[in-house]
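Results of the structural survey
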Amino acid sequence: MARQADRMTDEQLSRQLGRYQATESIGILLGVLLVVAGCVTMFIRRDPLLICALVFPGVALFLLVAKPAQKKKKALLREQLGGYFRTELTRAFGPEPEAPELPIDRTFLESAELLAVPWTECSLEDFHEGVHNGLRFSAANVALRRTVEEKSGPDNDNWMTRTETLFRGIVVRCKDICDPALDMVVREMFQERKKDDITDPALFRKHFTARTADGQDVDEQVTPQLRELVQKLEASSRSAKLGCLILRDGGLVLALNTRYVFAGVPEELDLRDIDGIRKWFTASLTGMGRLLDLLAESDALHGAAE
């Protein structure tokens, strides 16, 4: 926490965050334009010097301009508003345990096998554990990616490496929330879907698989209540889609693709609006409470039969 003598007024903080945000945005924009120009040049002309002259400065803008500005922006937010964030978290979900009961880290994410396809890189922010209406839970903002090599060039004779984001959203763990007899992992199958009615059994099976811990197919055991729960989860925030839902040993793990950010500040938020940052943060805690209530109140978690 910043010393009292270092405390900025909202106006001072707004100006400084605005500078960092502008520097980050300009660095990303120019970097993307140069890298894209380099990729286009690679298809049109085989001129290594020209390609390097475009791509290397683009990457440098990411690493030397955008990334440092982003780090400074986040550090300043924690320094100046960290006390407010901690107070609001404690007010909403109580004090956090010294040692997490429900950790969400790379080790857990690998062991949980949240996705139907393998991932190689992960980023994790804003992990917190607490209690809501007697329910112990933990949550974090998570992104899972993989590196893909594909052919490129005019004659399709070169290889290009790119990073593909497989999941970006929240991962939530809950303790003692469902029937201990339940053993089911529902995973998205990465098929395009827009407004399909996933409460329809055939459409649900088209987009999701249901397996036990040992990999046994239990698609026929998916109840109407569970399909309804998935539909409600996807309606809980804008553009939300279920990545994975694990029900096992009385506990729950949810991976929800969503633009909602838990206990953090979304990238698209205008950081010059300090009061808006505070309001967003508290609203994100309220949103988590609503999500936990939706889960706890669902008949699907109590062995409801068709």
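Residues numbered from 1 in each chain as written. Predicted model: local features only at pLDDT ≥ 70, side-chain atom pairs only at ≥ 80, totals over all residues. Heavy atoms only, no water.

The next point concerns the pairing of strand 4 (residues 183-188). For strand 4, the tally of buried residues reaches five of six residues, placing the bulk of the element in the interior. Pairing analysis gives five bridges linking strand 4 to strand 6 (residues 241-248), with the strands arranged antiparallel. By the bridge assignment for strand 6, Arg187 is matched with Cys244. As paired strands, strand 4 and strand 5 (residues 208-211) are joined by four bridges and run antiparallel to one another. What sits directly across from Glu188, in strand 5, is Phe208. (Buried < 20%, exposed > 50% of the residue type's maximum accessible area, 1.4 Å probe, protein only. Helix = DSSP H or I, 4+ residues; strand = E, 2+ residues; numbered from the N terminus. Pairing = 2+ DSSP bridges.)

Moving on, we come to the side chain of Thr209. By the element assignment, Thr209 lies in strand 5. For Thr209, the residues in contact, after removing those within four places along its chain, are Val185, Val186, Arg187, Met189 and Asp219. (Contact = heavy atoms within 4.5 Å.)

What the rule picks out here adds up to five aromatic pairs. Here the aromatic rings of Phe93 and Phe137 are separated by 4.9 Å at their centres, their planes lie at 75°, and the arrangement is edge-to-face. Of this pair, Phe93 sits in helix 2 (residues 48-93) while Phe137 sits in strand 2 (residues 135-152); the two residues are 44 residues apart in sequence, bridging distant segments of the chain. Summarising the burial analysis for this pair, Phe93 and Phe137 share the class buried. On the numbers, 6.5 Å between centres and 50° between planes, the contact of Phe93 with Phe262 is tilted. Linking Phe93 in helix 2 with Phe262 in the loop between strand 7 (251-257) and helix 6 (274-296), this pair joins segments that are 169 residues apart in sequence. Take Phe93: its relative accessible area is 6%, and that puts it in the buried class. Residue classification places Phe262 among the buried positions, given a relative accessible area of 0%. (Phe/Tyr/Trp six-rings, centres within 6.5 Å; stacked < 30°, edge-to-face > 60°.)

Bringing the nonpolar core into the picture now. Nonpolar side chains tend toward joint burial in soluble globular proteins. Among the nonpolar cores identified, the biggest contains 50 residues, and Leu254, Phe262 and Met288 are the most heavily contacted of them. Those residues in contact with Phe262 that sit more than four places away from it in its chain are Leu89, Phe93, Asp126, His128, Phe137, Ala139, Ala140, Asn141, Ile170, Ser284, Leu285 and Met288. Counting 18 residues, the second largest nonpolar core, distinct from the first, contains Leu109, Trp119, Leu166 and Val253. (Core = buried A, V, L, I, M, F, W, Y, C linked by side-chain atoms within 4.5 Å.)

This next bit is on the packing of helix 5 (residues 224-234) against helix 6. The N-to-C vectors of helix 5 and helix 6 enclose an angle of 175°; their axes lie 11 Å apart at closest approach. As far as their axial angle goes, helix 6 and helix 5 are roughly antiparallel. When helix 5 is examined against helix 6, the residues Leu229, Lys232 and Leu233 are found in contact with a partner set consisting of Leu291, Leu294 and Leu295. Here the residues of the contact of helix 5 with helix 6 sort into five nonpolar, no polar and one charged. (Axes fitted to C-alpha atoms, helices over the stretch in contact; angles between N-to-C directions. Parallel < 35°, antiparallel > 145°, perpendicular 65-115°, else oblique. Nonpolar A, V, L, I, M, F, W, Y, C, P; charged D, E, K, R; others polar.)

Within helix 5 the residues assigned to the buried category are Leu226, Arg227, Leu229, Val230, Leu233 and Glu234. Seen end-on, helix 5 carries its buried residues on one side only, within an arc spanning 155°. Contact partners of the buried residues in helix 5: strand 4, helix 4 (201-207), strand 5, strand 6, strand 7 and helix 6. (Arc of directions from axis to C-beta.)

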